[in-house]
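Here's the letter readout for the chains.
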Amino acid sequence: MPTIDGPRLLSDLYALRKFGEYKTGAHRPTFSPEDIQSRHWLSQRLTDAGLTAEIDGIGNVYGLCQAPGQKLLLGSHLETQNHAGWLDGALGVIYGLEIARALGGGIDVAAFADEEGHFGGFIGSRSFCGALTDAEIGGLADRNSGVSLNDALASAGFAGRPRRQVDPARYRGYIEAHIEQGAELEDKGLRIGVVTAIVGSRRFRIMVEGQQNHAGTTRMAVRRDAGVALARLSVAIHDLFPTIAGPRTVWTMGRILIDPNQPSIVPGRADALFQFRDTDSAVLDRLEAALEDLVATANQGPCRITLQDRSRTVPAAMDTGFQAALDRAAEARCPGLHQRMPSGAGHDAQILSSRLPSAMLFVPSIGGISHHWSENTSDDDIVLGCQVLADACADLLRA
Ligand SMILES: [Zn+2]
């Protein structure tokens, strides 16, 4: 079995954190100066590892192995959420770099641009999978600064370069290591998670139209209070969903706006964003049908409620053969301290799984914290995760 170099792995992760270092985390939004520097740094590290490095026209960084034979593609993303953690994304990329060095062949590395969605949704991995058009790129802009994606690519020096697309014949598959971003592994005293599937989500806007009026003179019997209608619908959803959801379904009404949101005015409008996630499309279908029924029932009251479809992603099943290889490797390195689990967060692997057999490995997040500068994983767990992935890669490339 290959042996990874733990101190070398950690020192590369520390070096990457220097780009946009913020407290113990990093602030590296997509195509910020620090992010662009980190892409060039990675490119040099991949070259030093004997790979042919390239940054393509969407900002994806690749390290390509020139030896013959099928490859495994390892990777994740380099950019971070604002003032966020040092391992989200970085872990999977630097694991790829270290395993390419440790195995000495058979590994390609990729850092997919903008997984964190500063400009769009999974633009780097979708570009690689042939699911991003120039027209869509032309319509995207940074959600904070408003700078267009094309301008950002031009300033970075990446505009006009070809966008590399996956050659499925080249690859045995794609494996992405990632921090768990939850506390399940830690709570159970486990050290490795093998992902079974990445959840799909459905997101809706709920719009309620009532009648704005005076809070003192409008009799209760004639009111069309949009705030009350939305509150009732929210309670109905939260009462019904537990009875029809799957064991790990989650649902969230993350934003509620009441208009005009004043103490002495009966609200004339209300607006909410609602989403639910599960790994099973049948469960998602059932919840969506139930939501439509609840809205239809609510519409028998004094207000008009409409449901607008905002976005949906399909659940992505991970390759069962890859899961088995990761299980075997984990059992050899940390017997009994690993489990299979779904991913509640989205990852590039859900995009890659449409073109290549794909899998994910999780390491524990201390306190379950992520998307925050204090995000962390113990050095021992970081090193163990890389060794387990290296073993599984060697196993899969031999098969
Ligand atoms: Zn991530």
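All figures in this text were calculated on a predicted structure; none of them were measured in a lab. (Residues numbered from 1 in each chain as written. Predicted model: local features only at pLDDT ≥ 70, side-chain atom pairs only at ≥ 80, totals over all residues. Heavy atoms only, no water.)

Considerations on the overall build of the chain
Which entries qualify depends on this criterion: What counts as a helix is a DSSP run of H or I of at least four residues, what counts as a strand is a run of E of at least two, and both are numbered from the N terminus. The quantity called the radius of gyration is restricted to C-alpha atoms. Its globule counterpart is 2.2 Å times the number of residues to the power 0.38. Only protein chains enter the accessibility calculation, which uses a 1.4 Å probe. A residue is then buried if its area is under 20% of the maximum for its type, exposed if over 50%, and partly exposed in between. Contacts were defined at the residue level, with two residues in contact if any of their heavy atoms lie within 4.5 Å. Surface accessibility in these figures is a Shrake-Rupley result with a 1.4 Å probe; residues are shielded only by whichever protein chains are displayed. The charged-residue count follows a simple rule in which Lys and Arg add positive charge and Asp and Glu add negative charge, with His and chain termini not counted at all. For the purpose of locating charges, the reference atoms are NZ of Lys, CZ of Arg, CG of Asp and CD of Glu.
A tally of regular secondary structure across the chain gives 12 helices and 17 strands. Taken over C-alpha atoms, the radius of gyration comes to 23 Å for the chain, in line with the 21 Å a tight globule of 399 residues would show. Principal-axis analysis of the C-alpha atoms places the extent of the chain at approximately 80 × 50 × 40 Å. Evaluated residue by residue, the chain yields a buried proportion of 54% over its 399 residues. The long-range fraction of contacts in the chain, counting pairs at least 24 apart against all pairs at least 6 apart in sequence, stands at 79%. Total accessible area computed for the chain in this model is approximately 16,300 Å², and 51% of it derives from carbon and sulfur atoms. Counting 38 positive and 47 negative side-chain charges, the chain places the averaged centre of each group 3 Å from the other.

Some remarks on the coordination of the zinc ion
Rules: Counted as donors are the N, O and S atoms within 2.8 Å of the metal, or 3.2 Å for Na, K and Ca, while water is not among the atoms, so some sites may look incomplete.
With distances of 2.0 to 2.2 Å, the protein atoms coordinating the zinc ion are H77 (NE2), D88 (OD) and H178 (NE2). The motif formed by the donor residues of the zinc ion, counted along the single chain, is H-x10-D-x89-H. Within this pair, whereas D88 is found in the loop between strand 5 (71-76) and helix 3 (90-103), its partner H178 is found in strand 7 (residues 171-179), the two being separated by 90 residues in sequence. Accessibility assignment for this pair places D88 and H178 in one class, buried.

What to know about the packing of helix 1 (residues 6-17) against helix 3
This is how it is decided: Where helices are involved, their axes are fitted lines through C-alpha atoms of the stretch in contact, as for all axes, and angles between N-to-C directions lie from 0 to 180°. Angle categories: roughly parallel below 35 degrees, roughly antiparallel above 145, roughly perpendicular from 65 to 115, and oblique for all the rest. Helix crossings are classified by the rotation of the near helix relative to the far one: an anticlockwise turn of less than a right angle makes the crossing left-handed, while a clockwise turn makes it right-handed. Gly is placed with the polar residues, together with every amino acid not listed as nonpolar (Ala, Val, Leu, Ile, Met, Phe, Trp, Tyr, Cys and Pro) or charged (Asp, Glu, Lys and Arg).
Between helix 1 and helix 3, whose axes approach to 10 Å, the crossing angle comes to 140°. Between helix 1 and helix 3, the interaxial angle falls into the category oblique. Seen along the crossing, helix 1 lies across helix 3 with a hand that is right-handed. Side by side, helix 1 and helix 3 meet where R8, L9, D12, L13 and L16 of the first sit next to A90, L91, I94, Y95, L97, E98, R101 and A102 of the second. Class assignment of the residues belonging to the contact of helix 1 with helix 3 gives a composition of 9 nonpolar, no polar and 4 charged.

Looking at the state of the cysteines
Linking two cysteines covalently through their sulfur atoms gives a disulfide. To keep it simple, the criterion reads: By definition, disulfides here are pairs of cysteine sulfur atoms that lie within 2.5 Å.
Applying the stated criterion across every chain yields a total of 0 disulfides. The thiol of C129 is unpaired, and the distance to the nearest cysteine sulfur, on C393, comes to 18 Å. With no disulfide partner, C386 has as its closest neighbouring cysteine sulfur the one in C393, 8.9 Å distant.

Some thoughts on the pairing of strand 13 (residues 269-278)
For the record, the criterion: Here, any two strands with at least 2 DSSP bridges between them count as paired.
The buried fraction of strand 13 amounts to 7 of the 10 residues, a majority that puts the element mostly inside the structure. Sheet topology note: the strand 11 (residues 250-259)/strand 13 ladder contains 9 bridges and is antiparallel. Bridged to M253 within strand 13 is F274.

Comments concerning the environment of G20
Position of G20 relative to the elements: it lies in the loop between helix 1 and strand 1 (21-22). G20 gets classed as buried once you look at its relative accessible area, which sits at 15%. With 66 residues separating them in the primary sequence, G20 and W86 have C-alpha atoms 9.7 Å apart.

What to know about the pattern of salt bridges
Close approach of charged atoms allows side chains of opposite charge to pair. Rules: One side-chain nitrogen of Lys or Arg within 4 Å of one carboxyl oxygen of Asp or Glu is enough to make a salt bridge.
Counting across every chain of the model gives 25 salt bridges. Residues R8 and E98 are paired through a salt bridge, measuring 2.8 Å at the closest nitrogen-oxygen approach. Of the two residues, R8 sits in helix 1 while E98 sits in helix 3, which places them 90 residues apart along the sequence. Residue R8 is classed as partly exposed on the basis of its relative accessible area, which comes to 29%. Of the charged contacts, one joins R45 and D12 as a salt bridge, the two residues approaching to 2.9 Å between their closest N and O atoms. Placement of the pair is R45 in helix 2 (residues 33-48) and D12 in helix 1, with a sequence separation of 33 residues. Overall, the relative accessible area of 24% leaves R45 in the partly exposed class. Residue D12 is classed as buried on the basis of its relative accessible area, which comes to 2%. Salt bridges sharing partners connect three or more residues here, namely R8, D12, R45, D48, E98 and R101.

Observations concerning helix 8 (residues 226-244)
Along an α-helix, residues three or four positions apart point the same way, because every turn accommodates 3.6 residues. Note the cut-off: Under the convention used throughout, the expected extent of a helix is 1.5 Å for every residue step, that is, one less than its residue count. Under the rule applied, a polar contact is a pair of N or O atoms within 3.5 Å (in protein, one hydrogen donor and one hydrogen acceptor; residues adjacent in sequence only if both atoms are side-chain atoms).
Along its 19 residues, helix 8 runs 27 Å from first to last C-alpha, staying within 8% of the 27 Å computed at 1.5 Å per residue. Taken together, the buried residues of helix 8 touch strand 9 (200-209), strand 11, strand 13, helix 9 (281-298) and strand 14 (304-313). N-cap assignment for helix 8: the residue whose side-chain oxygen lies 2.8 Å from the backbone N of G227 is D225.

Things to note about the nonpolar core
Selection rule: In plain words, nonpolar cores are sets of buried Ala, Val, Leu, Ile, Met, Phe, Trp, Tyr and Cys residues tied together by side-chain atoms within 4.5 Å.
The biggest cluster of nonpolar side chains holds 66 residues, and the ones touching the most others in it are L42, I94, Y95, I99, L149, I175 and I382. Here this core takes 9 residues from helix 12 (residues 379-398), the largest share from any one element. Setting aside its immediate chain neighbours within four residues, I382 contacts L9, L10, L13, W86, L87, L91, Y95 and T377. With 25 residues, the next largest nonpolar core counts L233, M253, A270 and L294 among its residues.

Thoughts on unusual backbone geometry
A cis amide bond links D259 with the next residue in sequence, P260, at an omega value of 10°. On the secondary structure map, P260 appears in the loop between strand 11 and strand 12 (265-266). At D114, a residue that is not glycine, the phi angle is positive and equals roughly 60°. Positionally, D114 belongs in the loop between strand 6 (107-111) and helix 4 (123-128). Relative accessible area serves as the criterion here: at 0%, D114 is assigned to the buried category.

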